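# Coordinate analysis (summary)
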Amino acid sequence: MTISTAIGTSEPESYPLLHNPGAVVVDHEGCPADRSKSGGWCSAFFIIGVEVAERFAFTGISSNLITYLTGSLGQSKARAAENVNTWNGVSAISPLLGAFIADSYLGRYRTVVIASLLYILGLGLLTLSAVLPSISSLDCLNGAEIISCPPLWFQEILFFFSLYLVAVALGGHKPCVLAFGADQFDGQDSEESKSKSSFFNWWALGVISGPTVALLFLNYIQDNLSWGLGFGIPCISMVIALVIFLIGTRTYRYTIKSQEKNPFFRIGKVFAEAARNWQASSSVILVEMEAQGTLPDENSQQFRFLYKALLTPVGSKEEGGECRVGDVEDAKAILSLVPIWVSCLVYAIIYAQCSTFFTEQGATVDRSIWPGFDIPPASLLLFITFTIIFFIPIYDRLFVPFTRALTGKPSGITTLQRIGIGLLMSIVVMIIAALVETKRRETALEFGLVDKPEETVPMSFWWLVPQYILLGIADVFTLTGLQELFYDQVPNELRSAGISLYLSIIGVGSFLSSFLIFIIDKTTGGEDGGGWFSNNLNRAHLDYFYWLLGGLSTVALVSYLYFTKTYIYRRGSVNIRRNYGN
């Protein structure tokens, strides 16, 4: 056996804008991009505008979905929560497929355009399913009682088909828009590098504006006027989003990849070859690499078993089929993100509750703002969006400069520290949510409303506000930090995939939330019993569920601190060891 000494391809010819090895950055005409005439904040604002419109559309559907399922479709609370979590999970998992297609074949720009067209089609069919004449608008007899008829089977099938078409379209849209926006800044330029770091903060601020408008107006329209209109307006917003994106075409920077093999297959081959050569000695490989001068630095000791992929049979006639040191380093960068990915899953489970059980809690309490006007339960999510809108400028303009002066780091604190702070806050969120739910149940008992679930519990919705606000602050730390980490720490040609990996945390967390709800619901009594998720929330025990999530989040934080203690940040081809506490 011998070790391949191939390190990588040569640097591309120098252009006015240098982007990364193995790729060239061009303008809309295919000419080398000029830094002064393309990209930067001008292009980024177009892309942020697209995401504002898309987030408006998505939130207009997702935030009140549980109300539609329990109302118009007549599903139980537990089943509706499972359906919402499953759909949210598919929506967050589908970017893995979208990123693969974008990074391997279509590119980010084309993928966004195609995904937007599918998005518009899905929302159009969703609107159609809500406005079709249905027996659900008629009354049926159930003995002596008059009840609403269930929806037609065709209408329900069309609704779920449309809903999951939106989820598939989101898979191509979400990871590519964010990665394409970050691509407008050159990480090799000192000034644009600072702008890129700031971009993720302002991206989070921009995309929260869309949900804010949706929660302010769309939920009211859906609850009080028409579901057809409530679904139709998001469809129109996606048409506007596509138009905005196309208008900015002439200003964008586009990455043209080299003729290297598919990055997914290239990195996958590293794991396959390492597994095939698993019996080889890692220490022998490292010694020979050092003798040949192909060992990048001392930090390559991490995941050194992957260097077994560099072994090729003596006398092998395969040309270019061997793995290179650069391939191994890219594989190591991805593998090092896996423990962080796993550690953040519980946060995603907690994140899933804001659009399900938080909303169900809000539906039972007094939500009056002034006489005659009650805030829709789903609109309580506004407290999360308002918190993010208020806190991000504070974070970017006050917190970062202050901590930068103390630590000397450009971003003030490391990305891993930022995520860890959010994980810690999620524990506090669950503790507060559990205590408030206990108070709500005690109030229902005090006023004799335990068996009157349709009656409003005489407890102000302001009791619920702290858990929304703290979750909003936690999102600024954890979700924005994860976006930056999974974009920055993956190989350059896989940045759409990096964003999709971040999104998959939310998706898998939603699936886990749905599975956890299903198991607990079956174990503690089911929908007709006195279980934790009884249809009568006054007899349910959401407080137990929140305490359980708080305990799981504590375990997750401890594991996160353990895994990130010796995490190695990837910066281009240079690996730098930084302890989490530094």
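Everything here concerns the structure above.
Scope of this entry: the structure provided in the associated data block. (Residues numbered from 1 in each chain as written. Predicted model: local features only at pLDDT ≥ 70, side-chain atom pairs only at ≥ 80, totals over all residues. Heavy atoms only, no water.)

### Quick look at the overall build of the protein
The condition that has to hold: Runs of E in the DSSP output that reach at least two residues are strands. Runs of H or I that reach at least four are helices, and both are numbered from the N terminus. Accessibility here uses a 1.4 Å probe with only protein chains present; expressed as a share of the type maximum, an area under 20% marks a residue as buried, one over 50% as exposed, and anything in between as partly exposed.
If you tally the helices and strands in the protein, you get 18 helices and twelve strands. When each of the 582 residues of the protein is scored for burial, the buried share is 55%.

### Some words on the nonpolar core
One broad rule of soluble globular proteins: the nonpolar side chains tend to lie buried together. The line we're drawing: In this text, buried Ala, Val, Leu, Ile, Met, Phe, Trp, Tyr and Cys residues form a nonpolar core when linked through side-chain atoms within 4.5 Å. Throughout, a contact is declared for two residues whenever any of their heavy atoms are within 4.5 Å.
In terms of nonpolar packing, the biggest core is built from 129 residues, with Leu123, Phe159, Phe199, Leu485 and Tyr546 touching the most fellow members. The residues touching Phe199, leaving out its near neighbours within four places in the chain, are Trp41, Ala44, Ile48, Leu178, Gly181, Ala182 and Phe185. One finds Ile267, Ala274, Leu310 and Cys323 within the second-largest nonpolar core, a separate group that totals 14 residues.

### Considerations on empty space enclosed by the protein
Note the following rule: Cavities and pockets are defined on a 1 Å grid built over the protein atoms alone: a cavity is a set of grid points where a 1.4 Å probe fits but cannot escape, while a pocket is an open set with protein on both sides within 12 Å along at least five of seven lines, and lining residues are those with an atom within 4 Å of any such point. Grid points are joined across faces, edges and corners, and a volume is the space filled by probe spheres set on the points. When residue character is reported, Ala, Val, Leu, Ile, Met, Phe, Trp, Tyr, Cys and Pro are called nonpolar, Asp, Glu, Lys and Arg charged, and the others, Gly included, polar.
Throughout the structure, instances matching the rule amount to two cavities of 30 Å³ or more. The calculated volume of the largest cavity comes to roughly 780 Å³. Taken together, 33 residues make up the lining of the largest cavity; nearest its centre are Arg55, Phe58, Thr59, Tyr351 and Leu479. Looking at the lining of the largest cavity, the elements that each hand over two or more residues are helix 1 (40-62), helix 3 (77-93), helix 6 (153-182), helix 7 (190-224), helix 12 (345-352), helix 14 (382-407), helix 16 (465-488) and helix 17 (495-524). Here the lining of the largest cavity is built from residues that sort into 20 nonpolar, ten polar and three charged. Forming the boundary of the second largest cavity are Glu51, Lys174, Leu178, Trp203, Gln483 and Tyr502. Grouping the amino acids of the lining of the second largest cavity by side-chain chemistry returns three nonpolar, one polar and two charged.

### Remarks on the packing of helix 4 (residues 95-106) against helix 5 (residues 108-131)
Applicable threshold: Throughout, an axis means a line fitted to C-alpha atoms (over the contacting stretch in the case of helices), and angles, computed between N-to-C directions, take values from 0 to 180 degrees. The scheme is simple: roughly parallel for angles under 35 degrees, roughly antiparallel for over 145, roughly perpendicular for 65 to 115, oblique for anything else. Handedness of a crossing follows from how the near helix is turned relative to the far one, being left-handed for an anticlockwise turn of less than a right angle and right-handed for a clockwise one.
The geometry of helix 4 relative to helix 5 is characterised by a closest axis approach of 8 Å and an angle of 135 degrees between their N-to-C directions. Between helix 4 and helix 5, the crossing angle belongs to the class labelled oblique. Here the hand of the crossing between helix 4 and helix 5 comes out right-handed. In this structure, helix 4 contributes Gly98, Ala102, Asp103 and Leu106 to the contact, and helix 5 contributes Arg108, Arg110, Thr111 and Ile114.

### Comments concerning the packing of aromatic side chains
Any pair of aromatic rings gets described here by the distance separating the centres and the angle formed by the planes. Short version of the rule: Here a pair means two rings of Phe, Tyr or Trp (six-membered ring of Trp) with centres within 6.5 Å. Their orientation is stacked below 30 degrees between planes, edge-to-face above 60, and tilted elsewhere.
One pass over the structure, following the stated rule, counts 34 aromatic pairs. Both rings, one in Tyr395 and one in Phe477, keep their centres 5.5 Å apart while their planes meet at 90 degrees; by these two values the pair is edge-to-face. Of this pair, Tyr395 sits in helix 14 while Phe477 sits in helix 16; the two residues are 82 residues apart in sequence, bridging distant segments of the chain. Pair check on accessibility: Tyr395 and Phe477 agree, each one buried. Both rings, one in Tyr562 and one in Phe563, keep their centres 5.5 Å apart while their planes meet at 70 degrees; by these two values the pair is edge-to-face. By relative accessible area, which is 63% here, Tyr562 ends up exposed. Judged by relative accessible area, Phe563 falls into the partly exposed class, the value being 38%.

### Brief notes about the packing of helix 1 against helix 8 (residues 227-247)
Running from amino to carboxyl end, helix 1 crosses helix 8 at an angle of 165 degrees, the nearest separation of the two axes being 8 Å. When the axes of helix 1 and helix 8 are compared, the pair comes out roughly antiparallel. In the crossing of helix 1 with helix 8, the sense of the turn from one axis to the other is left-handed. Judged by residue contacts, Phe46, Gly49, Val50, Ala53, Glu54, Phe56, Ala57 and Ile61 of helix 1 engage Phe231, Ile233, Pro234, Ser237, Met238, Ala241, Ile244, Phe245 and Ile247 from helix 8.

### Details of helix 15 (residues 415-446)
Every α-helix winds through 3.6 residues per turn, so residues three or four apart in the chain are directed the same way. Cut-off, in case you're wondering: By definition here, a helix of n residues has an expected span of 1.5 Å times n minus one.
Here helix 15 spans 47 Å end to end across 32 residues, near enough to the 46 Å set by a 1.5 Å rise per residue. Directly beyond the C-terminal end of helix 15, a positive phi value near 65 degrees is found at Gly448.

### A few points about the layout of surface pockets
Empty space within the second largest pocket amounts to approximately 590 Å³. Forming the walls of the second largest pocket are 22 residues, and the residues nearest its centre are Lys77, Glu360, Ala363, Thr364 and Glu454. Within the residue set of the lining of the second largest pocket, elements represented by two or more residues are helix 2 (65-70), helix 7 and helix 13 (357-364). When its residues are assigned to classes, the lining of the second largest pocket shows six nonpolar, nine polar and seven charged.

### A few points about the pairing of strand 10 (residues 457-460)
Our working definition: Any two strands with at least two DSSP bridges between them are considered paired.
Residues Val457 and Met459 line the buried face of strand 10, whereas the alternating positions Pro458 and Ser460 sit on a face that is not buried. In this structure, strand 7 (residues 365-366) lies alongside strand 10, joined through two bridges in parallel fashion. Residue pairing in the sheet places Asp366 in a bridge with Ser460 of strand 10.

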